Each structure stands twice: as structure tokens, then as C-alpha cells.
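As a plain string of letters, each chain reads:
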Amino acid sequence: MILYITVAAVTVLLAGFVNNHPATQPYSVTRQQMCNRVCLMGIFLILFALSAARINVGNDYAKYVEFMHLVNCDSYVPTEIGFNLVVKILYGISGFENFLLVFAFYAFVTVFFFLLAMYEGSDDFPLTFFLFMALGYYFQTFSTVRYYLALAIALYAMKFVLRRQWGRFLILVLLGSAFHKSLLVVIPLYILASLPWKKWQLALAALFCSTFLFLQDFYLKVVVFLYPTYEDTEYLEGGTSYINILRCIAVLVFAGIVLLMQKRDADRRFWFYFYLNLGALALYVFCSFLPIISRIGYYLTVSQILFLPMLLGQIEDKRWRKVFRLGVILAAMLYFVMYMSRASNDGVLILPYKSFFFHDMVAILSDVN
């Protein structure tokens, strides 16, 4: 745990020197731009190295090693073509089942897209990066590596939605879905969140959400049709997170307060992030019976690391801005403490940290059989 706290502290400190909206000069690099490059490179290398050097850290690390072995043996695996292709290529280049190189590839791409999305999309990169670390997004990339690569791509794709660059948005999402097909859900969800909703339309949407309470069997059949591998598994048990519900409510209430405080109308970016969080709240409340609803919800709530800094920047009164900023920081630190307190539990398993420099991989299912 000391290692994780140190990494979080050092990278957040480096992020504090980054200004993602620097003044520019033609045909020259300013001191701030050079500082940005050095600090971002330092952050990237630290996060990449910690992730790439791990072995058997994450709740499904061994399962992924098993999947990679089966892919190399041309056996059936429930993973997407992108994952399978990366395994084939990297194993072929290595000449042996080099699963460490595959995890390093995922660490590189995932951290890269997260940092790029935060640098280009945030109003306040230091605060956004702090939230990224404190809310556990980085440490959760140690598990379900395919999904978190897709989540990083989803966060980056938000800028194309805001710019109405639908072609680039669709291409990026389709490419990302080759690594985790759940990413396809952001196409309708992000488009819906970008619409200028009227009150009567929101009322109809609420009425539609209520159908999930009475037609659960129907919606479960739809899920099984889309994901046949879920049939007769524990994935169909569903479940929701009360912490995520509270987070959504807190963010929406804060957004409402900021909306009342500011003297101008909210822009399209405000409403996009607002509807993403409202949609996530609806999913957590009405669709808790659906399998792994939290994964769909994360595609929506990850916007909070961009939304909260934007909201703070729109508070004109400096005193209130400092008060709310302190509240956001303290809440995120509390969440970080709670997350780390269960870091060794089943379903997380990022503790104890093990590196391939000092540890060997445990036997996988194929080795035992």
C-alpha cells in the first residue's frame, strides 16, 4: 500500500506543474510547454512501469494468462478479435508465451489514452488527474485490462461528441470495441446525452426507465442474446453500487448549485456531462438486476473527472470556489482511503503488489490440467 500511496503522491505532485492551457508562441516552445512535456512524460513512465512490471496482480490476471494461452493454441476464448490479434502478434514476435509483454502493451495504450483525454479535455489538469488517481481509476486498470482500455478510449472519445465530429467518434469507438465490445453502448448513450432534452422528454425517459422494474425477464433475455456467454453464469446475478449512486447524486446536486449560482446559461458541455451522470444514476437505480451494470455505468461516470473541475471553474465567487474545491478534494481522498482499505479483497486483489523482478507466475488452469 505504501508503494501505491507513494506513486499517487509523486504523480499528483508532477501533475501540479502541468498547465494544459498554456500560452503559446509561434515557432517556439515556451517554458510552460517544456515543463508540461517533462512532467507528463514522468507521469506516464511511472504509471506505465508500475502496471507493466506487475505479475499476478489484479483479480483476473491469471484468467487473462489462461486466455492468452488458449489464443496461442487456437482454442476458443470469449475475448474479442483485437485482444486475440495482439496476443498472436506479440507471442509470435517473442517466440514464446510472453504474457508480460501483452500486459505491458495494455498498460501503455490505456495510460496513454487516459492522459491524453485528461490533458485535452480538462479545464484543470492537476485536479482531473488527482481525481483519476484518488477515485481508483488507475489502480483498477490492473484488473479487466480489456475493459479499462475501452474506458480510456471512451473518455477520449467524449471530445469528438462535444465537437459533433461523429465520424471520428464512431471510428474510435468501433476500433475500441475490437478489444471490449461493451464499448459499443457509448454510441447510443453518448449521443442521447448530447441532445438538448426538454422537460417532457425527460418525463418520457423516466417513464421508460420504470419499465425495467416490471420487465426484468425480458431485458435479461435481451442481454443473454447480446452476450450468450453470460447464460447460466454468476454474471446474470446483477447488483449495484450504493457508493456510485451517492457519487452521482452528489455530482448532480453540485451541478445544480453551480447552475443556480452562475449568471449565464449553461453550455452544451455542461449538459452533456450532466446527462451522462443522470443516465448513470438511472442505470444504477432501475437496472441493478442487469449483469455488470457498473461497467456500463462507468462509461458515464468517468466523465466526473472532467465535469467536477469544469463546475469549479464556473463558480465566480472565489471564496465559494475554494470551499467547494476543498470539499471535492476531501471527498476524493476519503474514497481513496476506502478503496485502498479493500485493495486486497476478492474482486480487487491489487495487494500485495508483486513484480516479475522478484516473483514468478502461479500455475494457470492449463498447467494444472
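Quick caveat: nothing in here was measured; it's all calculated off a predicted structure.

Draft legend 1. Expanded view of the packing of helix α1 (residues 2–15) against helix α2 (residues 31–52). Direction vectors running N to C along α1 and α2 enclose 160°, while the axes themselves pass 9 Å from each other. If you check the angle between α1 and α2, you find them roughly antiparallel. By crossing handedness, the relation of α1 to α2 is classed as left-handed. Here L3, Y4, V7, V10, T11, L14 and A15 of α1 lie close against α2, whose contacting residues are C39, G42, I43, I46, L47 and L50. Residues of the contact of α1 with α2, tallied by class, amount to eleven nonpolar, two polar and no charged.

Draft legend 2. Main features of the packing of aromatic side chains. Taken as a whole and judged by the stated rule, the model has 43 aromatic pairs. With 5.2 Å between their ring centres and 65° between their planes, Y138 and F139 make a pair best called edge-to-face. When its relative accessible area of 1% is taken as the criterion, Y138 is described as buried. Judged by relative accessible area, F139 falls into the buried class, the value being 0%. Look at Y156 and F160: their rings are 5.6 Å apart centre to centre, the planes differ by 90°, and that puts the pair in the edge-to-face class. Of the two residues, Y156 and F160 are both situated in helix α8 (residues 145–162); the distance of four residues between them amounts to about one turn of the helix. Residue class for Y156 comes out buried when judged on its relative accessible area of 13%. A connected cluster of aromatic rings, assembled from ring pairs, spans W166, F169, Y190, W197, F270, W271, F272, Y273, F274, Y275 and F307. A cation over an aromatic ring shows up here: R295 above the ring of Y147, its NZ or CZ 5.6 Å from the ring centre.

Draft legend 3. Summary view of the packing of helix α5 (residues 99–121) against helix α6 (residues 125–134). Relative orientation of the contacting elements α5 and α6 amounts to 145°, with a least axis distance of 9 Å. Crossing hand, α5 versus α6: right-handed. Contacts from F114, L115, M118 and Y119 in α5 reach F125, T128, F129 and F132 in α6. For the contact of α5 with α6, the per-class residue count stands at seven nonpolar, one polar and no charged.

Draft legend 4. Structural detail: the pattern of salt bridges. This model, assessed by the stated rule, comprises five salt bridges. Linking E80 and R146 is a salt bridge whose minimum nitrogen-to-oxygen distance equals 2.8 Å. You can see E80 sitting in the loop between α3 (61–72) and α4 (81–94) and its partner R146 sitting in helix α8, a full 66 residues away along the chain. By the burial criterion, E80 is buried, and R146 matches it. E120 serves as the salt-bridge partner of K159, at 2.4 Å between the closest nitrogen and oxygen. One end of the pair, K159, is in helix α8; the other, E120, is in helix α5, and 39 residues separate them in sequence. Overall, the relative accessible area of 15% leaves K159 in the buried class. In this structure E120 comes out as partly exposed when scored by relative accessible area, which is 36%.

Cut-offs applied
- Residues numbered from 1 in each chain as written.
- Predicted model: local features only at pLDDT ≥ 70, side-chain atom pairs only at ≥ 80, totals over all residues.
- Heavy atoms only, no water.
- Axes fitted to C-alpha atoms, helices over the stretch in contact; angles between N-to-C directions.
- Helix = DSSP H or I, 4+ residues; strand = E, 2+ residues; numbered from the N terminus.
- Parallel < 35°, antiparallel > 145°, perpendicular 65-115°, else oblique.
- Left-handed = near helix turned anticlockwise from the far one by under 90°.
- Contact = heavy atoms within 4.5 Å.
- Nonpolar A, V, L, I, M, F, W, Y, C, P; charged D, E, K, R; others polar.
- Phe/Tyr/Trp six-rings, centres within 6.5 Å; stacked < 30°, edge-to-face > 60°.
- Buried < 20%, exposed > 50% of the residue type's maximum accessible area, 1.4 Å probe, protein only.
- Lys NZ or Arg CZ within 6 Å of the ring centre and 35° of its normal.
- Salt bridge = Lys/Arg side-chain N within 4 Å of Asp/Glu carboxyl O.

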